[in-house]
Amino acid sequence: MARKKIVAGNWKMNMTPSQAVALCEELKDLVKSEDVDVVYCVPAIDIVPVVEAVKGTNVEVGAENMYFEDKGAYTGEISASMLVDAGVKYVIIGHSERRDYFKEDDCLLNKKVKKAFEAGLTPILCCGETLEQREMGITLDWIRMQIKSDLVGVTAEQAASMVIAYEPIWAIGTGKTATTEQAQEVCKAVRDCIAEIYDAATAEAVRIQYGGSVNAANAAELFAQPDIDGGLVGGASLKADFGKIVNYK
């Protein structure tokens, strides 16, 4: 059975609640698709109004981050159960900006991945290399290490249901995009790594996105690759072009 494409917008730290509702209204008719799962991953303060704003549409809502504890003295953090109760279905875990700016390591991310599954959320687990790592020729080694570390203790059934987003750090928000061949090579390596950890059936089921300056002009070529099942879209998810990415065919 063919994997259904999934296009997720990562809004990052953009959009006030009122702006978020206005954007949902603007995009509503542009992102209609039966062939593609559409997700808006939005700032925490926007989750409740966005869940309300997309009711009755084909759009699901995701969070950009969460903590691994259920509750407690963790000022400023948000738990998986809070997200589920608010109507969230997906959660981005391990985005390079979280790894870099907030020093999130693979041990922490592994806890988050397991907690997301426990709560019934679908993780969108990010991986990716720096330009320096690519130039050193260690891209695939680095990605494999991230995937293996982040999925310790995750079952094959859970892994099959998740989303993995390959985002070369040097292509995020820079306007640079990995070539189609580069993106396909790494996404295939991710799938091969899943097969190595689990089995071929799990690897065949998992959906792998490409992220990093995805736009209306390059989406169709990227998404046509055998191991690329959609995109995690940053800046372009905040404008009407997002509809063209969703309806890339």
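I will try to describe carefully the structure that is included in this document. (Residues numbered from 1 in each chain as written. Predicted model: local features only at pLDDT ≥ 70, side-chain atom pairs only at ≥ 80, totals over all residues. Heavy atoms only, no water.)

**Thoughts on the overall build of the protein**
Here is the rule: To qualify as a helix, a DSSP run of H or I must reach at least 4 residues; to qualify as a strand, a run of E must reach at least 2; elements of each kind are numbered from the N terminus. Radius of gyration here is computed from C-alpha atoms only, and the compact-globule reference equals 2.2 Å multiplied by the residue count raised to the power 0.38. Buried residues are those whose accessible area, probed at 1.4 Å on protein chains only, stays under 20% of the maximum for their type, while exposed residues exceed 50% and partly exposed ones sit between those limits. Any two residues having at least one pair of non-hydrogen atoms within 4.5 Å are treated as being in contact. Positive charge is attributed to Lys and Arg, negative charge to Asp and Glu, and no charge count is given to His or to the chain ends. For charged residues, the charge sits on one atom: NZ in Lys, CZ in Arg, CG in Asp, CD in Glu.
In terms of regular secondary structure, the protein is built from twelve helices and eight strands. Taking 249 residues into account, the globule formula puts the C-alpha radius of gyration at 18 Å, and the protein, at 17 Å, falls close to it. Looking at the protein as a whole, 51% of its 249 residues are labelled buried. For the protein, the share of sequence-separated contacts (at least 6 apart) that also reach a separation of at least 24 residues comes to 74%. Positive and negative side-chain charges of the protein, numbering 26 and 37 respectively, have mean locations separated by a distance of 1 Å.

**What about helix α5 (residues 106-119)?**
As a reminder of what qualifies: Multiplying 1.5 Å by the helix residue count minus one yields the expected span of that helix. Between N or O atoms, a polar contact is any pair within 3.5 Å; within protein, one atom must be a potential hydrogen donor and the other a potential acceptor, and residues adjacent in sequence are included only when both atoms are from side chains.
Along its 14 residues, α5 runs 20 Å from first to last C-alpha, staying within 8% of the 20 Å computed at 1.5 Å per residue. Within α5, the full set of buried residues consists of Asp106, Leu109, Asn110, Lys112, Val113, Lys115, Ala116 and Phe117. On its buried face, α5 sits against α3 (80-86), β4 (90-93), α4 (96-101), β5 (122-127), α7 (139-150) and α8 (156-161). Sitting at the head of α5, aspartate 105 places a side-chain oxygen 3.3 Å from the backbone nitrogen of cysteine 107. Looking one or two residues past α5, glycine 120 carries a phi angle of roughly 95°, positive in sign.

**Overview of the side chain of arginine 191**
Tracing the backbone shows arginine 191 in helix α9 (residues 180-197). With sequence-adjacent residues up to four places away left out, arginine 191 is seen in contact with Arg3, Ala203, Glu204, Val206, Ile208, Asp227 and Asp229.

**Concerning the sheet that holds strand β6 (residues 163-166)**
How we decide: Between any two strands, at least two bridges found by DSSP are needed for them to pair. Angular values range over 0 to 180 degrees, each being the angle between N-to-C directions of two axes fitted as lines to C-alpha atoms, with helices fitted over their stretch in contact.
Judged by pairing direction, the barrel is parallel, and its eight strands sit side by side in the order β1-β2-β3-β4-β5-β6-β7-β8 before closing back on the first. Across the sheet, the mean angle from the axis of one strand to that of its neighbour is 25°, orientation sign disregarded. Its contacts with the sheet put α5 on β4 and β5, and the angle it makes with β4 is roughly 175°.

**A look at unusual backbone geometry**
Unlike most non-glycine residues, methionine 15 shows phi in positive territory, near 85°. As for its position among the elements, methionine 15 is in the loop between β1 (5-10) and α1 (17-27). The phi dihedral of lysine 103 falls on the positive side, at around 55°, and the residue is not glycine. As for its placement among the helices and strands, lysine 103 is situated in the loop between α4 and α5. Owing to a relative accessible area of 63%, lysine 103 belongs among the exposed residues under this scheme.

**Overview of the pairing of β4**
The cut-off we apply is this: Every crossover in which the path from the first strand over the helix to the second runs clockwise, viewed with the strands pointing away from the viewer, is termed right-handed.
On β4, burial covers both faces: Tyr90 and Ile92 on one face and Val91 and Ile93 on the other are all buried. Note that strand β3 (residues 59-63) and β4 share two bridges and pair parallel. Along β4, the bridge assignment pairs glycine 62 with tyrosine 90. Running through α3, the crossover from β3 to the neighbouring parallel element β4 is right-handed. Direction of pairing for β4 relative to β5: parallel, over a ladder of four bridges. For isoleucine 93, the partnering residue across the bridge sits in β5 and is leucine 125.

**Examining the packing of α5 against α7**
Just so we agree on the cut-off: Should an angle lie under 35 degrees it is considered roughly parallel, over 145 roughly antiparallel, and from 65 to 115 roughly perpendicular; all remaining angles are considered oblique. Basically, the charged four are Asp, Glu, Lys and Arg, the nonpolar ten are Ala, Val, Leu, Ile, Met, Phe, Trp, Tyr, Cys and Pro, and anything else, Gly included, counts as polar.
Orientation of α5 relative to α7, taken along the N-to-C sense of each, is 50°, at an axis distance of 8 Å. Judged on the interaxial angle alone, α7 and α5 are oblique. Of the residues in α7, those touching α5 at Asp106, Leu109, Asn110 and Val113 are Gln146, Ser149 and Asp150. Split by residue class, the contact of α5 with α7 holds two nonpolar, three polar and two charged.

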